[in-house]
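Next come the chains, spelled out residue by residue.
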Amino acid sequence: MAGTDWRVFVGTVMWLFWSGFYIALAGIAYLIRDWFILQLVLAAPCAILLIYFCFIDESARWLYSVGRHEEGDQLLRRIAKTNGKSLPEDLKVTVKKEKKAYIYDLLRTPTIRKRSINLFFNWFVNSLVYYGLSLNVSDLGGNVYLNFFISGAVEIPAYLFALFTLDRIGRRWSIAGCMVVGGVALLAIIPVPKDLNALSVTFAMVGKFAITASFGNIYIFSAELFPTCIRSVGVTTSSTFARIGGVIAPLIADLGKFTNFKPLSMIIFGVLSILAGLLALLLPETLHQNLPETLADAETFGLKMPKDTEERNGVLEVPSPEDEPSPWDPILADNSTKC
């Protein structure tokens, strides 16, 4: 719903509201010690979201794609009026019919398959480490409410850092750098003596800062990396892997208690974070690039193309020699016209 000029800003700043309520939760939990009442207090505001149905418009593209052209026209005119623009009276919008995307489309072609698996792993690790650190504040020593408050407060500068770096050093290096730095910070906790609790908390918060910035970045990076025709299913599937990581996170966070080796959880979080960061470097940069729209575009996106490759109107045309046809040509040709 946000234009390309505002994509990074909107996609990052919205997480500040998440962090704001994260911080508020520490104070609410401190005041309400009964867990059942606390759950009721936290769940009640969710009912307010039902009011959103009265104020949020449907996607204009979706309205046109399902044949509701009149509603689509009304929405576009309202948007134009809000932005001080005008549309012609005989407005006609043609929406290209798109082929329905399925999960297996993420695995059909070699380049997209490798990148999809890479992104799935990165989403999984981001969620695993993020929620693992959030749930592990009680093991850091000191006041659990203060630790939780600091854990939430550190997210605000993390998202601002992500906002600053995304358009300057790029998506790939921003995510990879944050993941590696976060992993190193978590591993640095292991040799810290028990009497230096403040140092352990500091390393943990550095790790939380880095993983938070990475988590905010990967939403934008994934949406840009997946081609238009499979973007929704790609981001949704990636988010599913993140939810799996979130489910496993409390189990990993408590491993130290059950194995009598307290640093075990931090070792797992640190090693996986570094590994995911290094793998992110294998993905192509999307900053200042013409983003892929079809599966054919995505297969060649970020790759060094042969000399006979031409670029016409922003669309890459990759001729295949007649005497050596590629086994993927039928698939790519089919999807480049339908997606």
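For the structure itself, look to the data block above.
Since the model is a prediction, treat every value here as computed from it, not as a measurement.

1. Examining the pattern of salt bridges
In step 1: Within this structure, the stated rule accounts for 6 salt bridges.
In step 2: A salt bridge links D167 to R171; its shortest N-O distance comes to 2.9 Å.
In step 3: Across the pair E224 and R171 runs a salt bridge whose closest N-O atoms are separated by 2.8 Å. With a gap of 53 residues between them, E224 in helix α9 (residues 197-225) and R171 in helix α8 (residues 171-187) connect regions that are remote in the sequence. As far as burial versus exposure is concerned, E224 and R171 are alike and both buried.

2. So, the side chain of S214
In step 1: Checked against the element boundaries, S214 lands in helix α9.
In step 2: On the accessibility criterion, S214 (0% relative accessible area) is buried.
In step 3: Among the polar contacts made by the side chain of S214, one reaches the side chain of N126 at a distance of 2.9 Å.
In step 4: Apart from the residues within four sequence positions on either side, S214 is in contact with N126, I175, C178 and M179.

3. Details of the environment of T300
In step 1: As for its placement among the helices and strands, T300 is situated in helix α13 (residues 295-300).
In step 2: By relative accessible area, T300 is classed as buried at 12%.
In step 3: In the structure, T300 is positioned 189 residues away from T111 in sequence and 8.0 Å away in space, judged by C-alpha atoms.
In step 4: Among the polar contacts listed, one links the side chain of T300 to the backbone oxygen of D297, at a separation of 3.2 Å.

4. Describing the packing of aromatic side chains
In step 1: Counted by the stated rule, this structure contains 9 aromatic pairs.
In step 2: Counting every residue linked through ring pairs, the aromatic cluster contains W123, Y130, Y131, F215 and Y219.
In step 3: Of note, R33 hangs over the ring of Y30, and the distance from its end group to the ring centre comes to 4.7 Å.
In step 4: One Lys or Arg, K208, reaches over the ring of Y130 and ends 4.9 Å from the middle of that ring.

5. Notes on the nonpolar core
In step 1: In this structure, L119, V129, L186, I230 and F269 are the most contacted members of the largest nonpolar core, which totals 44 residues.
In step 2: Breaking this core down by element, the ones donating at least two residues are α1 (7-31), α5 (110-135), α8, α9, α10 (231-253), α12 (264-280) and α13.
In step 3: Counting residues per element, this core draws most heavily on α5, at 10 residues.
In step 4: With residues up to four places along the chain from it excluded, the contact list for F269 reads L128, V129, G132, L133, L186, A249, I252 and A253.
In step 5: Core analysis: the next-biggest nonpolar cluster, separate from the first, contains 5 residues, A158, C178, A210 and A213 among them.

Calculation rules
Residues numbered from 1 in each chain as written. Predicted model: local features only at pLDDT ≥ 70, side-chain atom pairs only at ≥ 80, totals over all residues. Heavy atoms only, no water. Salt bridge = Lys/Arg side-chain N within 4 Å of Asp/Glu carboxyl O. Helix = DSSP H or I, 4+ residues; strand = E, 2+ residues; numbered from the N terminus. Buried < 20%, exposed > 50% of the residue type's maximum accessible area, 1.4 Å probe, protein only. Polar contact = N/O pair within 3.5 Å; in protein donor to acceptor, adjacent residues only side chain to side chain. Contact = heavy atoms within 4.5 Å. Phe/Tyr/Trp six-rings, centres within 6.5 Å; stacked < 30°, edge-to-face > 60°. Lys NZ or Arg CZ within 6 Å of the ring centre and 35° of its normal. Core = buried A, V, L, I, M, F, W, Y, C linked by side-chain atoms within 4.5 Å.

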